[in-house]
Amino acid sequence: MVQPYKPIYTVKEVAELLCTSKNVVYGFQNGGKLPYLLINGSRKVRGTDLENFINKYPAAGEEKPCEQQETS
């Protein structure tokens, strides 16, 4: 869950929150869907930008939390 008052997330943290890989997060960023800051050569995501991204992303229905999802 996006933590209240946490201003900056790393790409790894965003990937973990979205239950996806860092490459998918980089794809969202490169496609202009997820804004980022470039700080000392590292991409960082503002908490407000992450929350806006999640709110705008189309919902596909009820899904299990990532730690409970089965892989096939």
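As the structure is a computational prediction, the values presented were derived from the model and not from experiment.

Asker: Residue-level account of the confidence of the model for the protein chain, with values.
Answerer: Per-residue confidence for the protein chain averages 86 on the pLDDT scale, and 79% of its residues sit at or above 70. When pLDDT is averaged over each element of the protein chain, helix α2 (residues 22–30) comes out on top at 98 and helix α3 (residues 47–56) at the bottom at 93.

Asker: Give a detailed account of the packing of aromatic side chains, specifying residues and quantitative values.
Answerer: The tally for this structure, following the rule as stated, stands at three aromatic pairs. The interplanar angle of 70 degrees and the centroid separation of 5.6 Å between the aromatic rings of Phe 28 and Tyr 57 together place this pair among those described as edge-to-face. Taken together, the positions of Phe 28 in helix α2 and Tyr 57 in the segment after α3 put the pair 29 residues apart, joining distant regions of the chain. Residue Tyr 57 is classed as partly exposed on the basis of its relative accessible area, which comes to 43%. Judged by centre distance (5.2 Å) and plane angle (45 degrees), the ring pair of Phe 53 and Tyr 57 falls under tilted. Judged by relative accessible area, which is 7%, Phe 53 ranks as buried. Among the aromatic residues, ring-to-ring pairing joins Phe 28, Phe 53 and Tyr 57 into one connected group. The side chain of Arg 43 reaches across the aromatic face of Tyr 36, ending 4.3 Å from its centre.

Asker: So what's going on with the environment of Leu 37? Residues and values would help.
Answerer: With respect to the element layout, Leu 37 can be found in strand β2 (residues 37–39). Given a relative accessible area of 23%, Leu 37 falls into the partly exposed group. Non-local contacts of Leu 37, meaning those with residues more than four positions away in its chain, are made with Ile 8, Ser 42, Arg 43, Lys 44 and Arg 46.

Asker: Give me the pattern of salt bridges: which residues, what numbers.
Answerer: Under the definition given, this model contains two salt bridges. Among the ionic pairs, Glu 13 bridges to Lys 6, the shortest N-O distance being 2.8 Å. Notably, a salt bridge pairs Arg 46 with Asp 49, separated by 2.8 Å at the nearest N-O pair. Since its relative accessible area comes to 14%, Asp 49 is described here as buried.

Asker: Talk me through unusual backbone geometry; I want residue IDs and the actual numbers.
Answerer: A positive phi angle, near 55 degrees, is found at Cys 19, a position not held by glycine. In the Ramachandran plot, Asn 40 falls in the positive-phi region, its phi being about 50 degrees despite a non-glycine side chain. Secondary-structure assignment places Asn 40 in the loop between β2 and β3 (42–46). The exposure class assigned to Asn 40 is exposed, which follows from its relative accessible area of 79%.

Here is what the cut-offs are and how they apply
- Residues numbered from 1 in each chain as written.
- Predicted model: local features only at pLDDT ≥ 70, side-chain atom pairs only at ≥ 80, totals over all residues.
- Heavy atoms only, no water.
- pLDDT = per-residue confidence, 0-100.
- Helix = DSSP H or I, 4+ residues; strand = E, 2+ residues; numbered from the N terminus.
- Phe/Tyr/Trp six-rings, centres within 6.5 Å; stacked < 30°, edge-to-face > 60°.
- Buried < 20%, exposed > 50% of the residue type's maximum accessible area, 1.4 Å probe, protein only.
- Lys NZ or Arg CZ within 6 Å of the ring centre and 35° of its normal.
- Contact = heavy atoms within 4.5 Å.
- Salt bridge = Lys/Arg side-chain N within 4 Å of Asp/Glu carboxyl O.

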